[in-house]
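Read off the chains here:
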Amino acid sequence: MKVARREVLGLGGGLVVALSLSRRDVWAEEVVEIRMQGRADGSHVWFDPIGVLIKPGQIVRWTNFNPGNSHTTTAYHPANFGKPLRIPESAKSWDSDYLLPDESFSVTFTDQGGL
């Protein structure tokens, strides 16, 4: 079954950024690829796509495609710098630390939720 939904969650470039997410249909068995991109001077960073509904068991892989800057992906969760909870309560938090150009970070999600 295909699903689509709007959620709010995101981080970029080491700074917390709330993102209004676009619609994206996904299947639970796909690996969701999220491209981390940005301006060469680091003044603006973003994810592409900026929103997906994650099904239990699904893998999300973030890859930094910004050739001149590092990026991070970090859950809005109190365990991460005291941020407010913006993922399902039962979901585990994650923090990629800085990803250099062409580096990737993956998480397998056990709970349904938006990113």
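That block above? That's the structure.
In what follows, the accompanying structure is described.

Analysis parameters
- Residues numbered from 1 in each chain as written.
- Predicted model: local features only at pLDDT ≥ 70, side-chain atom pairs only at ≥ 80, totals over all residues.
- Heavy atoms only, no water.
- Helix = DSSP H or I, 4+ residues; strand = E, 2+ residues; numbered from the N terminus.
- Buried < 20%, exposed > 50% of the residue type's maximum accessible area, 1.4 Å probe, protein only.
- Contact = heavy atoms within 4.5 Å.
- Polar contact = N/O pair within 3.5 Å; in protein donor to acceptor, adjacent residues only side chain to side chain.
- Pairing = 2+ DSSP bridges.
- Salt bridge = Lys/Arg side-chain N within 4 Å of Asp/Glu carboxyl O.
- Axes fitted to C-alpha atoms, helices over the stretch in contact; angles between N-to-C directions.

1. Let's talk about the environment of serine 96
- Structurally, serine 96 can be placed in the loop between β6 (59-64) and β7 (104-108).
- You can call serine 96 buried: its relative accessible area is 10%.
- In sequence terms serine 96 and valine 107 are eleven residues apart; their C-alpha atoms lie 9.4 Å from each other.
- With near-sequence residues (within four places) excluded, serine 96 lies in contact with His71, Thr72, Thr73, Thr74 and Phe105.
- A distance of 2.9 Å separates a polar atom in the side chain of serine 96 from the backbone nitrogen of threonine 73.

2. Points about the pairing of strand β4 (residues 45-48)
- Bridging between strand β3 (residues 31-38) and β4 involves four bridges; their strand directions are antiparallel. Looking across to β4, one finds that methionine 36 is bridged to phenylalanine 47.

3. Overview of the side chain of threonine 73
- Tracing the chain through its elements places threonine 73 in the loop between β6 and β7.
- At 3.1 Å, the side chain of threonine 73 and the side chain of tryptophan 94 are in polar contact.
- If sequence neighbours within four positions are ignored, threonine 73 has contacts with Met36, Trp62, Trp94, Asp95, Ser96 and Phe105.

4. Brief notes about the pattern of salt bridges
- If you walk through the whole model with that rule in mind, you get one salt bridge.
- Arginine 61 is paired through a salt bridge with glutamate 33; the nearest N and O atoms lie 2.1 Å apart. On the criterion of sequence distance, the pair formed by arginine 61 in strand β6 and glutamate 33 in strand β3 is long-range, its members being 28 residues apart.

5. Quick notes on the sheet that holds β4
- Strand order in the open sheet formed by four strands is β4-β3-β6-β7, and the pairing between neighbours is mixed. Strand pairing shows two members of the sheet lacking a second neighbour, β4 and β7, which therefore form its edges. Neighbour-to-neighbour, the strand axes of the sheet open up by a mean angle of 20°, direction not taken into account.
- Here β6 runs beside β7; their pairing, made up of five bridges, is antiparallel. Bridging across to β7, valine 60 finds its partner in valine 107.

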